[in-house]
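# Notes for the structure review
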There are 2 protein chains.
Amino acid sequence: MIEMGETEAEPHQLGGMPAPDQQVENFRHTRRARRTEIAEDYVELIADLIDSGGEARAVDIARRLGVSHATVIKTVGRLQRDGLVVTKPYRAIFLTDEGRRIAIWSRQRHELVVKFLLAIGVSKEVAYADAEGIEHHVSAETLAAFERVVGEINGRRSASGH
Amino acid sequence: MIEMGETEAEPHQLGGMPAPDQQVENFRHTRRARRTEIAEDYVELIADLIDSGGEARAVDIARRLGVSHATVIKTVGRLQRDGLVVTKPYRAIFLTDEGRRIAIWSRQRHELVVKFLLAIGVSKEVAYADAEGIEHHVSAETLAAFERVVGEINGRRSASGH
DNA sequence: TGGAGGATGTAGCCAAGGCTACATTTGAGA
DNA sequence: TCTCAAATGTAGCCTTGGCTACATCCTCCA
Ligand SMILES: [Mn+2]
Ligand SMILES: [Mn+2]
Ligand SMILES: [Mn+2]
Ligand SMILES: [Mn+2]
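The following refers to the structure shown. This structure is a prediction, so every number in the text was calculated from the model and none was measured.

Our focus in this paragraph is the relation of the copies chain B and chain A. Of the transformation placing chain B onto chain A, the axial shift is 0.0 Å and the rotation is 180°, giving an RMSD of 0.0 Å. A rotation of that kind, with that shift, is consistent with a two-fold axis. Across chain B, the rotation axis passes nearest the C-alpha of I134 of chain B, at a separation of 2.6 Å. The fraction of interface residues of chain B whose copies in chain A are also interface residues reaches 98%, indicating that both copies meet through the same surface.

Here it is as C-alpha cells:
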C-alpha cells in the first residue's frame, strides 16, 4: 500500500466533528452556560416559591434544592451582588426586574424542554430529571426546533383520532 | 369573594412541576452529572487526539478546549488520580480501560445528540454548540428516544423521494 | 409577655476549575 | 553535539459551590 499522508489510524468520524477552532468556540460557549446554570435554577425556583407561597425563604430554597441553608445564603448573596435578587437581613428574597426576566424566560424554556421530552416518548420521571440539566444548554434556535416537533407530534396525534 | 385558602396568586402551572421531593432528586441528579462533565469531555477529546494523531499531549488538549496548559495538566492529574488516564512526567497522556470505555460511550452519545439536533432542523453550527453541553445530561432513556426520532425522520424523508 | 425553636447569618473548611508567572525538561535541527 | 524554542511542570492566586459548626435573630404560642 502506498503512503497516503497522515491518515493511518482511520479517523473514524469523517464528516463528524467540527473544525478545531470551531470546537474551541463550542467549549467556551458551554463553559459560559455552565456559569449561569445555578443562577437560572435559583431565580426560577424563587419565582415559583413567590407565586405559590407569596415569599421565598432561604430555608425553602435549600429544601427544594437539597443543599444546606448556608449554601443558599451564600449563593443568594452572589445573586444580589449580580443584581438578580434583593433581600435584607432576616427577610425573604425578592427578584429584581432583571431576575424576574430571567426567571420567566428560564421557566418557559424549562417547561418546553419537559414538554418536548414527553412528546418524543420519554417517561415523566426521566423527562423531569434530564430537563433539569438540559434546559441550560438549549439555545433559542434549538428551543424553536423543540417547539416545532411538539406541535407536529401533537398535530399528528390528534389527526389520527386522539 | 370568599376566602379560598392559600391560592390567591394563580399557581400558573397546574400539572407542571414535579412534587417537591421529586424535584430535590432531580437537582441532586443534575449536580452529579455536572461533576462528570469535564472528565467526559477530556477523555473523549483524548481519544480523538490519539485516534487522529497517535498521541494526546497537554498542549493539544489545551488548544482544543481553549484553556491554559496549566489547567489541563492539573485536570489530567485529577483524571489520573481517578483512574481514567495514565501519564508520566513530560510524556503523552493515555487512556486506561475505564477511560477508554467512558470515551467511547461519551463519543457515541455526543454524536447521536448532534445527529438528533440536525434531524429536527437545528443548524449545523448551533447543533454542535448546544450538543457540547446537552450531551452530559441525556440519560440512556432519552438517548433512545432521540435515536427513535432520528430513525423516524430519516425514514419519512427517504419515503417521500429523498 | 417570655421563651423556645426555627430561620438566618457567620466562620472556616474543602475541591474543582480557572488563571498568570516562572522553572524545568525535552528533542529537533543547525 | 549543542542550543533553544516549545512543551511540561510548579507555585500561587482566585471564584464558585459545596459542607459543618456555631452564633444570632425573630416570631409565635403557652
Ligand atoms: Mn429550570
Ligand atoms: Mn436546571
Ligand atoms: Mn462530548
Ligand atoms: Mn461536552
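Turning our attention to the protein's contact with DNA strand C. Taken together, 22 residues sit near DNA strand C, with Y90 of chain A together with S68, T71, K74 and R91 of chain B positioned nearest. The protein-proximal atoms of DNA strand C, defined as those within 4 Å of the protein, are 63% sugar or phosphate. Contact distances for DNA strand C include 3.2 Å between a sugar or linking oxygen and a side-chain N or O atom of Y90 of chain B. Elements supplying a minimum of two residues to the surface near DNA strand C: α2 (58–65) and α3 (69–81) of chain A together with α3 (69–81) of chain B.

Neighbouring residues of DNA strand D: 23 residues in total, closest S68, K74 and R91 of chain A together with V59 and Y90 of chain B. For DNA strand D, the fraction of atoms within 4 Å of the protein that belong to sugar or phosphate moieties is 61%. Take R81 of chain A: an N or O atom from its side chain is 2.9 Å from a phosphate oxygen of DNA strand D. Mapped onto the surface near DNA strand D, the elements with two or more residues apiece are α3 of chain A together with α2 (58–65) and α3 of chain B. Broken down by element, the residue count for the surface near DNA strand D peaks at five residues, all from α3 of chain A. In the surface near DNA strand D, the residues fall into ten nonpolar, four polar and nine charged.

With that settled, the discussion passes to the coordination of the manganese ion (ligand 3). All names here are of chain B. Each protein donor to the manganese ion (ligand 3) is listed here as E44 (OE), H110 (ND1), E135 (OE) and E135 (OE); together their distances run 2.0 to 2.5 Å. Within one chain, the residues donating to the manganese ion (ligand 3) are spaced in sequence as E-x65-H-x24-E. Taken as a pair, the manganese ion (ligand 3) and the manganese ion (ligand 4) show a spacing of 3.7 Å, with E135 coordinating each metal. Of this pair, E44 sits in helix α1 (residues 20–53) while H110 sits in helix α4 (residues 97–119), placing them 66 residues apart in sequence.

Between chain B and chain A, the residue contacts involve 56 residues of the former and 56 residues of the latter. Across the interface of chain B and chain A, roughly 4,900 Å² is buried in total on both sides, 53% from carbon and sulfur atoms. When the buried surface of chain B facing chain A is broken down by residue, F27, R64 and Y128 of chain B rank first, second and third, together holding 12% of it. Our count for the contact surface shared by chain B and chain A stands at four salt bridges. Across the pair D41 of chain A and R34 of chain B runs a salt bridge whose closest N-O atoms are separated by 3.6 Å. For the pair chain B and chain A, the number of links is 18 residue pairs in polar contact (both at pLDDT 80 or more). Elements with a contribution of two residues or more to the side of chain B that touches chain A: α1, α2, α4, α5 (124–134) and α6 (140–159) of chain B.

Glancing now at the pattern of salt bridges. Per the stated rule, a full pass over the model turns up 22 salt bridges over all chains. The closest approach of N and O atoms between D51 of chain B and R107 of chain B, which form a salt bridge, is 3.1 Å. One end of the pair, D51 of chain B, is in helix α1; the other, R107 of chain B, is in helix α4, and 56 residues separate them in sequence. Ionic pairing is found between D60 of chain B and R57 of chain B, a salt bridge with its closest N-O pair at 3.1 Å. Look at R57 of chain B and you get partly exposed, because its relative accessible area is 38%. Several salt bridges converge on common partners, so that one network encompasses R34 of chain A together with E37 and D41 of chain B.

Criteria and cut-off values
Residues numbered from 1 in each chain as written. Chains lettered and ligands numbered in written order. Predicted model: local features only at pLDDT ≥ 70, side-chain atom pairs only at ≥ 80, totals over all residues. Heavy atoms only, no water. Least-squares fit on C-alpha atoms with pLDDT ≥ 70 in both. Contact = heavy atoms within 4.5 Å. Near = heavy atom within 4 Å. Polar contact = N/O pair within 3.5 Å; in protein donor to acceptor, adjacent residues only side chain to side chain. Helix = DSSP H or I, 4+ residues; strand = E, 2+ residues; numbered from the N terminus. Nonpolar A, V, L, I, M, F, W, Y, C, P; charged D, E, K, R; others polar. Donors = N, O, S within 2.8 Å, 3.2 Å for Na, K, Ca; no water. Buried area = accessible area lost by both parts, 1.4 Å probe. Salt bridge = Lys/Arg side-chain N within 4 Å of Asp/Glu carboxyl O. Buried < 20%, exposed > 50% of the residue type's maximum accessible area, 1.4 Å probe, protein only.

These figures come from the coordinates and say nothing about function on their own.
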